[in-house]
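Read off the chains here:
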Amino acid sequence: MDMFVIRGGTPLCGSVAVSGAKNAALPIMSAALAIDGPSRLLNVPDLADVRTLTSLLGTLGVQCRHEPDGALELRPSEASSCVADYELVRRMRAGVCVLGPLLARYGYACVSLPGGCNIGHRPIDLHLKGLRALGARIRVERGYVIAESERLIGTDIYLGGPFGSTVTGTCNVLSAAVLAEGVTNIEAAACEPEVVDLGRFLISAGARITGLGTPQIRIEGVPRLTGCKHTVIPDRIEAATLLIAGAITRGRISLTGADPSHLTAVLEVLREIGVGIRVDGTTIHADGVLPLRAVECVALPYPAVPTDMQAQLTALLATAEGISLVTDKVFPDRFMHISELARMGARVRREGASAIVGGPTRLSGASVMASDLRASAALVLAALAAEGPSVVRRIYHLDRGYERFEAKLRSLGADVQRVEDSPANVPPELMEVASPPSEPAMPGPHWSGAATRRLTPQG
Ligand code: EPZ
């Protein structure tokens, strides 16, 4: 297992390019199951989740091949199995995106329920409700969703839930309804750019869809879809994370290849915090050398601040002047990063679905543990700003969603090393802790008088 050793304190400077969006690429790749003939995807990020989905699609009859020019070629053939196995789906919840396309194409899908998740309860009841409305018979047996239907029939479907719509649920219903008989109207559809990108891919493949990017999507079913070429949108979450890397280190960075129209709310919050933001076409400049101040922000479905940026904003606000309030109304339990940030000196307290963040804090390097993808990004950001070295463990979470993250940070001047997680690779500063001042001196036969003690990482 790998970990990052980060020596913080260097203001990041320079220019870096945004990769393709993971959360667009995954449902688009899954939709290839419903398409006849090969498709070619450009701008697919090279990530652990993409590789996991590649393996899953392989078991379902879609061969995925990375071309030398960076494109991903998807070649569907007759599936020998319609079973999405637990071993693959548990590693990546987006595996559930194969449910709708499999059902539409083969009239049968058996997909493992993804199981537990560190960002809170993540049911898929809305996915199932939508597919049932299209006429599927669905049951859950031994941890698997089994969906069957001779013919899907278009209908009106309401996808609103207690926390808004559902992103991958909308993708599942959309990818199934494109091959249904008649017209489907999705009400309370997710408006996220990743859903729009899936819709555009399906339109290129011959689907008839209107209303993408609005809560009302209309789909007129077609008998078949054919392979096409599509370029995946830039990753708005990676983009915003890199902008915060610049701001939290009080540096100045430029982000190229972004789509600023997908980042309106995040850029607004960063401006409010005091980050100098300038947009020039697809390049976003962020200047973090100005004083940063506290804000209140709420993560909500698109176009608001995304829940996937909540942890990273919390890390930034720990370094800003004043008391901030960060609320997550999409995943109200997504706060595992708080205790790890506290290990770096951040003053953060959870109150229900909110984090109260006191600042400014001069963060200090520490050994911390990543609990999920965006929490890991927040810890890396905090480590970049911290005084002294930090160790961020379990970065396999980070590898799921950030392409060549350490290389990109290094290109901006960060000191980040990927090393094997072993005590030998922990910087000596983190193995030594000062003796507590109150500890009485205990002269005796073994007293060495040393001011520091060496501890194992578990100590
Ligand atoms: C997608 O997850 C993203 N994943 C998540 O990104 C992102 O955090 C989330 O949307 C919200 O934007 C992918 O796109 C692969 P939801 P998804 O269904 O689709 C509740 C990352 O870090 N809900 O939109 O699983 C749910 O509990 C990941 O890249 C139901 O109640 O999220 C949540 O409160 C993490 N019933 C809210 O809706 C359902 O059937 C939104 O969830 C489905 C969801």
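Residues numbered from 1 in each chain as written. Predicted model: local features only at pLDDT ≥ 70, side-chain atom pairs only at ≥ 80, totals over all residues. Heavy atoms only, no water.

Looking at the confidence of the model for the chain
Working step 1: Overall, the prediction assigns the chain a mean pLDDT of 93, with 94% of residues at 70 or greater.
Working step 2: Overall, residues 440-459 carries pLDDT values under 50, and its contacts beyond four positions in sequence, including any with other chains, amount to 20 contacts. (pLDDT = per-residue confidence, 0-100. Contact = heavy atoms within 4.5 Å.)

Some words on the site of the ligand
Working step 1: Surrounding the ligand, one finds 23 residues, the nearest of these being Leu 126, Thr 166, Thr 168, Asp 308 and Val 330.
Working step 2: At 3.1 Å, a side-chain N or O of Lys 22 approaches an oxygen atom of the ligand.
Working step 3: Its free accessible area being 820 Å², the ligand has 92% of it covered by the protein chains.
Working step 4: Of all the elements in the fold, those that place two or more residues in the shell around the ligand are helix 1 (22-31), helix 5 (125-133), helix 6 (167-177) and helix 12 (373-385).
Working step 5: The greatest single-element share of the shell around the ligand, amounting to three residues, is contributed by helix 5.
Working step 6: Split by residue class, the shell around the ligand holds ten nonpolar, seven polar and six charged.
Working step 7: Each of domain 1 (2-18 + 234-458) and domain 2 (22-231) gives at least three residues to the shell around the ligand. (Near = heavy atom within 4 Å. Polar contact = N/O pair within 3.5 Å; in protein donor to acceptor, adjacent residues only side chain to side chain. Areas by Shrake-Rupley, 256 points an atom, 1.4 Å probe, with all protein chains shown as cover. Helix = DSSP H or I, 4+ residues; strand = E, 2+ residues; numbered from the N terminus. Nonpolar A, V, L, I, M, F, W, Y, C, P; charged D, E, K, R; others polar. Domains from an automatic or database assignment.)

Focus on the sheet that holds strand 7 (residues 108-112)
Working step 1: Spatially, 6-7-9-8 is the arrangement adopted by the four strands of the open sheet, whose pairing is mixed. In this open sheet, the two edge strands, each paired with only one partner strand, are strand 6 (83-84) and strand 8 (137-141).
Working step 2: In this sheet, strand 9 (residues 144-148) lies alongside strand 7 in antiparallel orientation, the contact comprising five bridges. Residue Cys 110 lies in a different strand from strand 9, and its bridge partner there is Ile 146.
Working step 3: Lying on the sheet, helix 4 (residues 99-106) is in contact with strand 7 and strand 9; it crosses strand 7 at an angle near 160°. (Pairing = 2+ DSSP bridges. Axes fitted to C-alpha atoms, helices over the stretch in contact; angles between N-to-C directions.)

Re the sheet that holds strand 18 (residues 296-299)
Working step 1: Read across the sheet, four strands follow the order 18-19-21-20 without closing on themselves; strand pairing throughout is mixed. Each edge of the sheet is formed by a strand with only one pairing partner; in this case those strands are strand 18 and strand 20 (347-351). Recorded for the sheet is a direction-independent mean angle of 20° between the axes of neighbouring strands.
Working step 2: Here strand 18 runs beside strand 19 (residues 322-328); their pairing, made up of four bridges, is parallel. What sits directly across from Ala 299, in strand 19, is Asp 328.
Working step 3: The strands touched by helix 10 (residues 310-317) within the sheet are strand 18, strand 19, strand 20 and strand 21 (354-359), with strand 19 carrying the most contacts at an inclination of about 175°.

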